[in-house]
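Overview (structure and organization)
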Amino acid sequence: MNKLHMIAKGVAPILAALLMTACAAPEFKQPAMEVPTAFKESQQPAATKTAADGSTWKQAQAAEAQPRGEWWLAFNDPALNELVNEATRANANLAVAAARVKQARAIAGVAEADRIPQVGVNAGAQRLRQSPAELGLPAGTPVDPGKAFSANLTASYELDLFGRVSSNVAAARGDAASVEANYRSVLLAMQADVAQTYFRLRATDAELETLNRTVQTREENVKVNQRRFDLGDIGEFDLSRAKTELATARAEAIGLQRQRVTTEHALAVLLGKPAASYTAGNSPLLDGTLLPVIPAGLPSTLLERRPDIAAAQRAMEAANARIGVARSAMFPSLMLNANAGGVSGNTVADVFKWSSRSWLLGAALSLPVIDGGRNRANITRSEAALEESVGSYRQSVLTAFAEVEDNLAGLRILAGQTVQIEDAVVSARRSADLAQKLYTAGRSSYLDLLDAQRNLAAVERSAVQLRGNRAVTTVALIRALGGGWDAAQPTTLAQK
């Protein structure tokens with residue numbers, strides 16, 4: 001007998017441990033990802049690299065909740081600063097994301113409440129008349145109605161024997177953290193959208209300015225050709241060509257105005273304003289615009305910086321915890337209940353007399369016996385949900401790496417294009433000037449002058465478009481890197 005007792009005493013803790021292990025959530029393991037040691041584009045020759053070593057941009061720390069900093073200040077543009085701040089206060093999508101954070105935190109609070117006993121108070125009064133049959137009396141026996149008053153203090157508490165409560169709390173916390181990371185992702189996306197839309201608007205203004213100069217040149221050509229036609233120096237062909245080029249340039253300028261209006265409306269929406277009530281001032285993107293030099297850092301830091309990756313990480317942890325919730329349903333749950341108060345059939349005051357006291361202590365153990373496979377299916381579903389979240393996480397990481405590489409390559413190629421287009425602008429201006437002098441001296445035809453002027457207009461527009469693309473791509477790189485952090489020293493800026 002003693003041996004059996006000793007065996008039972010030794011086996012009991014082992015069985016308890018096995019039960020706990022069987023129903024608890026599995027240990028969360030970070031999915032294996034192949035992380036390159038460096039971005040491929042950052043290994044380009046120094047002459048073509050867009051990210052310079054020695055920048056004062058601070059590298060990521062191991063905390064995705066760290067403030068991203070006012071990275072847009074690096075562009076040294078007061079108008080942009082005001083627009084971003086205004087959008088942060090009024091953007092509708094950001095308000096929606098903030099409301100979701102409140103909801104997720106509240107749901108986590110509901111889950112946390114199951115950790116402590118639930119205490120309540122109830123009081124009531126009732127009047128009842130029972131039939132003679134219920135009281136075991138002959139039919140027709142007069143029965144007077146009765147009354148009862150009661151007041152009770154109740155308490156209930158679920159013992160977390162198999163981790164249902166703790167796993168549910170962990171899942172709710174993971175959901176809340178994921179939603180908060182999504183909020184930071186929406187915030188970063190909104191700020192980047194404002195900056196990119198702003199630079200597109202300024203690039204359009206600069207392109208319009210270039211087109212307006214072309215229109216002025218075409219107008220001068222029409223005037224000169226009209227005088228020469230009137231004097232009989234040229235035929236109607238050259239005059240008609242000059243008028244055609246003028247009308248074409250004006251049409252292009254009008255078409256570009258449509259693009260500007262559409263971009264202005266998009267900026268108004270980001271600012272939380274009706275499109276009809278917002279007008280952006282004219283501010284061409286000039287050659288002297290300062291763009292920050294953005295170091296890409298290491299690919300491993302990208303997993304810490306990107307809020308969308310952080311959201312996917314927290315979603316995995318929540319899905320992992322829900323496996324524990326599903327497993328716990330296979331095992332008993334124990335609920336403790338207590339009730340103490342008073343009941344009186346006379347007056348309300350009698351309820352609180354010692355002689356009217358009543359109390360109840362109880363424990364209820366419930367265990368599923370036949371559920372038709374429901375609980376096992378829930379476990380399978382929760383495990384599949386974890387597999388889905390792991391796949392989403394890996395996809396987010398791969399997308400993040402690709403976006404950084406795309407924008408690093410974009411900036412590198414745009415920098416090379418800019419060098420060539422600037423040389424082309426110088427040559428085209430020289431060609432147009434020489435063509436004008438030769439035509440004025442009567443040593444070349446009007447078609448030669450038109451070709452030189454068309455070439456100059458096209459090259460100047462390409463240069464303007466490249467400036468806009470570089471500004472937009474710089475913002476895209478910052479967004480792909482997860483934003484920037486406040487640094488102790490001013491951010492280094494580079495010309496162009």
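Since the structure is predicted, the reported quantities are computational estimates derived from the model, not experimental observations.

What the protein chain contains, in helices and strands, is 10 helices and 6 strands. Within the span of the protein chain, comprising 496 residues, buried residues form 38% of the whole. Nonlocal contacts in the protein chain, meaning residues at least 24 apart in sequence, comprise 85% of its contacts between residues at least 6 apart. Carbon and sulfur atoms make up 57% of the accessible area of the protein chain, which totals about 27,600 Å².

Attention shifts here to helix α9 (residues 374-440). The end-to-end C-alpha distance of α9 is 92 Å, a good match for the 99 Å that 67 residues give at a rise of 1.5 Å each. G442 lies just past α9 and shows a positive phi near 75 degrees.

A few words on the packing of aromatic side chains. Counted according to the given criterion, the structure contains 5 aromatic pairs. With a centroid separation of 5.5 Å and 55 degrees between ring planes, the pair formed by Y439 and Y446 is classed as tilted. The pair Y439 / Y446 is uniform in exposure class, with both members buried. Pairwise contacts between aromatic rings join F75, Y198 and F199 into one cluster. Lying across the ring of Y439, R228 places its NZ or CZ 4.9 Å from the centre.

On to the sheet that holds strand β4 (residues 333-344), then. Judged by pairing direction, the sheet is antiparallel, and its 4 strands sit side by side in the order β1-β2-β4-β5 without closing on themselves. Lying at the two open borders of the sheet, with one neighbouring strand each, are β1 (118-128) and β5 (357-366). Across the sheet, the mean angle separating the axes of adjacent strands is 20 degrees when strand polarity is ignored. Two strands pair when backbone bridges link them, and β4 and β5 are joined in this way by 10 bridges, in the antiparallel orientation. The partner of M335 across the bridge, within β5, is A364.

Another aspect to go through is the packing of helix α8 (residues 307-328) against α9. The geometry of α8 relative to α9 is characterised by a closest axis approach of 8 Å and an angle of 170 degrees between their N-to-C directions. One element, α8, and the other, α9, form an angle in the roughly antiparallel class. Between α8, through I309, A312, Q313, A315, M316, A319, N320, R322, I323, A326 and R327, and α9, the contact on the second element is made entirely by N378, I379, S382, E383, A385, L386, S389, V390, Y393, S396, V397 and A400. The residue makeup of the contact of α8 with α9, split by class, is 14 nonpolar, 6 polar and 3 charged.

For the rest of this paragraph, the subject is a nonpolar patch on the surface. Together, V119, V121 and L153 make up a nonpolar patch on the protein surface, roughly 320 Å² of accessible area in all. Here L153 lies in strand β2 (residues 146-159).

Calculation rules
- Residues numbered from 1 in each chain as written.
- Predicted model: local features only at pLDDT ≥ 70, side-chain atom pairs only at ≥ 80, totals over all residues.
- Heavy atoms only, no water.
- Helix = DSSP H or I, 4+ residues; strand = E, 2+ residues; numbered from the N terminus.
- Buried < 20%, exposed > 50% of the residue type's maximum accessible area, 1.4 Å probe, protein only.
- Contact = heavy atoms within 4.5 Å.
- Areas by Shrake-Rupley, 256 points an atom, 1.4 Å probe, with all protein chains shown as cover.
- Expected span 1.5 Å × (residues − 1).
- Phe/Tyr/Trp six-rings, centres within 6.5 Å; stacked < 30°, edge-to-face > 60°.
- Lys NZ or Arg CZ within 6 Å of the ring centre and 35° of its normal.
- Pairing = 2+ DSSP bridges.
- Axes fitted to C-alpha atoms, helices over the stretch in contact; angles between N-to-C directions.
- Parallel < 35°, antiparallel > 145°, perpendicular 65-115°, else oblique.
- Nonpolar A, V, L, I, M, F, W, Y, C, P; charged D, E, K, R; others polar.
- Patch = residues over 30% accessible without salt bridge, like charges linked within 9 Å, V, L, I, M, F, W, Y side chains within 5 Å.
- Salt bridge = Lys/Arg side-chain N within 4 Å of Asp/Glu carboxyl O.

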